[in-house]
Amino acid sequence: MVRPHYNLQAWKSAMVLVKGVYILTGDFPKEEMYGLVSQVRRAAVSIPSNLAEGAARNGAKEFIQFLGVAKGSLSELETQLLISVEMGYLGREDAIFEKLEAVSRLIAGLQKSLKTGS
């Protein structure tokens with residue numbers, strides 16, 4: 001059975017983002033495993049999870065609500081990654097920021113599409 005979120009480019013890109021986050025945080029200091037690493041991974045996983053849950057709901061209004069939650073998790077992830085930059089764990093030019101921005105644009109486009117009904 002094909003789930004509705006499997007066809008969403010936003011979900012596919014968010015899954016790539018999650019994989020990138022897991023790979024990236026694998027190189028963080030071990031003392032961050034239960035701190036920043038855990039927080040970053042949790043925020044990243046929340047993004048495609050909310051996209052999937054929203055796509056499975058019973059209408060555009062509910063889906064839009066879950067897209068908002070996904071955007072919130074995306075902002076949380078960005079903040080945590082910027083903290084990681086400040087701590088010297090990664091550079092601001094890291095490719096993860098491009099992936100994050102791509103997912104942000106896709107979610108915004110999906111929100112717009114659902115709000116206008118197109």
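Only a predicted model underlies this, so the values are computations on that prediction, with no experimental measurement involved. (Residues numbered from 1 in each chain as written. Predicted model: local features only at pLDDT ≥ 70, side-chain atom pairs only at ≥ 80, totals over all residues. Heavy atoms only, no water.)

A.B. asks: What am I meant to see in the overall build of the protein here?
C.D. replies: In terms of regular secondary structure, the protein is built from 4 helices and 0 strands. Listing the helices and strands of the protein from first to last along the sequence gives α-α-α-α. Taken over C-alpha atoms, the radius of gyration comes to 15 Å for the protein, in line with the 13 Å a tight globule of 118 residues would show. Dimensions of the protein, computed from C-alpha atoms along their principal axes, come out at roughly 45 × 25 × 20 Å. Restricting the contact set of the protein to residue pairs at least 6 apart, pairs at least 24 apart contribute 66%. When the accessible surface of the protein is split by element, carbon and sulfur atoms take 54% of a total near 6,800 Å². If the 14 positive side-chain charges of the protein are averaged to one point and the 12 negative ones to another, these points end up 11 Å apart. (Helix = DSSP H or I, 4+ residues; strand = E, 2+ residues; numbered from the N terminus. Rg over C-alpha atoms; globule rule 2.2 N^0.38 Å. Contact = heavy atoms within 4.5 Å. Areas by Shrake-Rupley, 256 points an atom, 1.4 Å probe, with all protein chains shown as cover. Lys, Arg positive; Asp, Glu negative; His and termini not counted. Charge placed at Lys NZ, Arg CZ, Asp CG, Glu CD.)

Remember, this is a structural readout, not a statement about activity or role.
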